[in-house]
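The chain contents come next:
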Amino acid sequence: MKIAILPGDGIGVEIMAEAVKVIECLNSDFSLNAEMENGLVGGAGYDAHGHPLPQETLSLVKEADAIMLGAVGGYKWESLDIAVRPEKGLLGLRSELELFSNLRPAILYPQLADASSLKPEVVSGLDIMIVRELTGGIYFGQPRGIRTLEDGQRQGYNTLVYSESEVERIGRNAFDIAMKRDRRLCSVDKANVLEVTEMWREVMIEVSKDYPDVELSHMYVDNAAMQLVRAPKQFDVMVTTNMFGDILSDCAAMLTGSIGMLPSASLDANGKGMYEPIHGSAPDIAGENKANPLATILSVAMMLRYTFDNADMAKRIEDAVGSVLDQGLRTIDITSDGMTEIGTAEMGDAVVAAMRAVK
Ligand code: NAD
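Everything quoted here is computed from the prediction, not taken from an experiment.

1. Points about the pattern of salt bridges
A complete count under the given rule lists 21 salt bridges for this structure. Among the salt bridges present, the one from Asp127 reaches Arg181, with a minimum N-O distance of 3.2 Å. Highlighted residues: Asp127 in strand 5 (residues 127–133) and Arg181 in the loop between helix 6 (164–179) and strand 8 (184–189), separated in sequence by 54 residues. Notably, a salt bridge pairs Arg183 with Asp213, separated by 3.7 Å at the nearest N-O pair. Within this pair, whereas Arg183 is found in the loop between helix 6 and strand 8, its partner Asp213 is found in the loop between helix 7 (195–208) and strand 9 (215–220), the two being separated by 30 residues in sequence. Judged by its relative accessible area of 34%, Arg183 falls in the partly exposed class. A relative accessible area of 47% places Asp213 in the partly exposed class. A cluster of three or more residues bridged by salt bridges with shared partners is formed by Glu18, Lys21 and Asp349.

See the structure below:
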């Protein structure tokens, strides 16, 4: 197993060091046998090679089975030309690797239920997976632009377009994921108004015939948004279009109230994936050993589950995170009265110790 390690910028460097500790522990104590190689991306790539996605890094990620990414960006690079800004490195990775499926879990550890803006009983134990189509739909559809009409006013237009094969591809991916979870899949569309999602629904029903163990349901996107804040625990896996997923996944993630806790994955057609926390490079706390490394550590768990098909090791990491929270250990972003505040490196050490505690 080859893992490309791309720490990126800001706190990316600190949180990735803790994820590497976790992978090293799996290698030494649990026979993972993963090789890691570091690459530069984002501002770090620009500083060293004049480009946020240097050729060396591109070769590295193409050869790897999985990619762990920290975060990119920071004040230092904000005035650069848009073509070489750190964020271009991230977009370049997604398109070069054809990562069409974006998995955004919204998991709320019961110990952190107070951090949510919803009532603890509504969100405690929340565990939803949103599967968002990432390379098609209205964000990429042609024609698009702003034109001037005969009466002189401007008109903006975009095109929402999906081919059957694009829908089938994300559908199969979502069904596969549901098979590894509670086997319930909700496909979110707007089939009552948009023909393209009427077809989306038909394709999902067709794909479902190959997954008789998964219970498929359908929901209009407006209702899905409402249900996410009314009774989010009703969902297991949700699959939806690029734009609906963009909005719903942010909404679901924020139900948990803790940006430092949430991992994500972007997968290609063969299960190769890029794994990263959902937060950014947090330049305001970079270099201070304050960042919460748990989202990145939980991204390692996602990598084991979705690229390396090793649910046992993934669960070991997730249980270790639960155990550390049970011990009352907290980084600054999730701390509250009565808890023990610790730094980034200490949190990584605590997770590794908890992983070893149950052999
Ligand atoms: P951010 O997520 O970096 O930070 C938002 C707030 O959350 C900050 O107060 C930060 O200190 C805090 N925070 C974030 N992660 C944390 C963690 N692990 N532990 C503790 N606190 C944490 O978002 P931003 O401030 O809007 O953006 C900062 C930079 O990150 C920008 O350059 C932006 O472009 C970039 N960014 C990168 C990614 C990515 O690499 N995927 C995503 C979002 C933003």
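2. What about the domain arrangement of the protein chain?
Looking at the assigned domains, one finds that the protein chain contains domain 1 (1–100 + 268–359) and domain 2 (103–261). Taking only C-alpha atoms, the centre of domain 1 and the centre of domain 2 are 24 Å apart. Facing the 21 residues of domain 1 at the interface are 22 residues of domain 2. Summed over both sides, the interface between domain 1 and domain 2 buries roughly 1900 Å², with carbon and sulfur atoms accounting for 68% of that surface. If you sort the residues of domain 1 by the area they bury against domain 2, Phe100, Ile278 and Tyr306 come out on top, with a joint share of 39%. Counting the contacts that link domain 1 with domain 2 gives one salt bridge. The salt bridge involving Asp309 is made with Lys180; its shortest N-O contact spans 3.6 Å. The interface formed by domain 1 and domain 2 holds seven residue pairs in polar contact (both at pLDDT 80 or more) in total. Contributing elements (two or more residues each) for the side of domain 1 that touches domain 2: helix 10 (294–306) and helix 11 (311–326).

Reading the values: rules and limits
Residues numbered from 1 in each chain as written. Predicted model: local features only at pLDDT ≥ 70, side-chain atom pairs only at ≥ 80, totals over all residues. Heavy atoms only, no water. Salt bridge = Lys/Arg side-chain N within 4 Å of Asp/Glu carboxyl O. Helix = DSSP H or I, 4+ residues; strand = E, 2+ residues; numbered from the N terminus. Buried < 20%, exposed > 50% of the residue type's maximum accessible area, 1.4 Å probe, protein only. Domains from an automatic or database assignment. Contact = heavy atoms within 4.5 Å. Buried area = accessible area lost by both parts, 1.4 Å probe. Polar contact = N/O pair within 3.5 Å; in protein donor to acceptor, adjacent residues only side chain to side chain.

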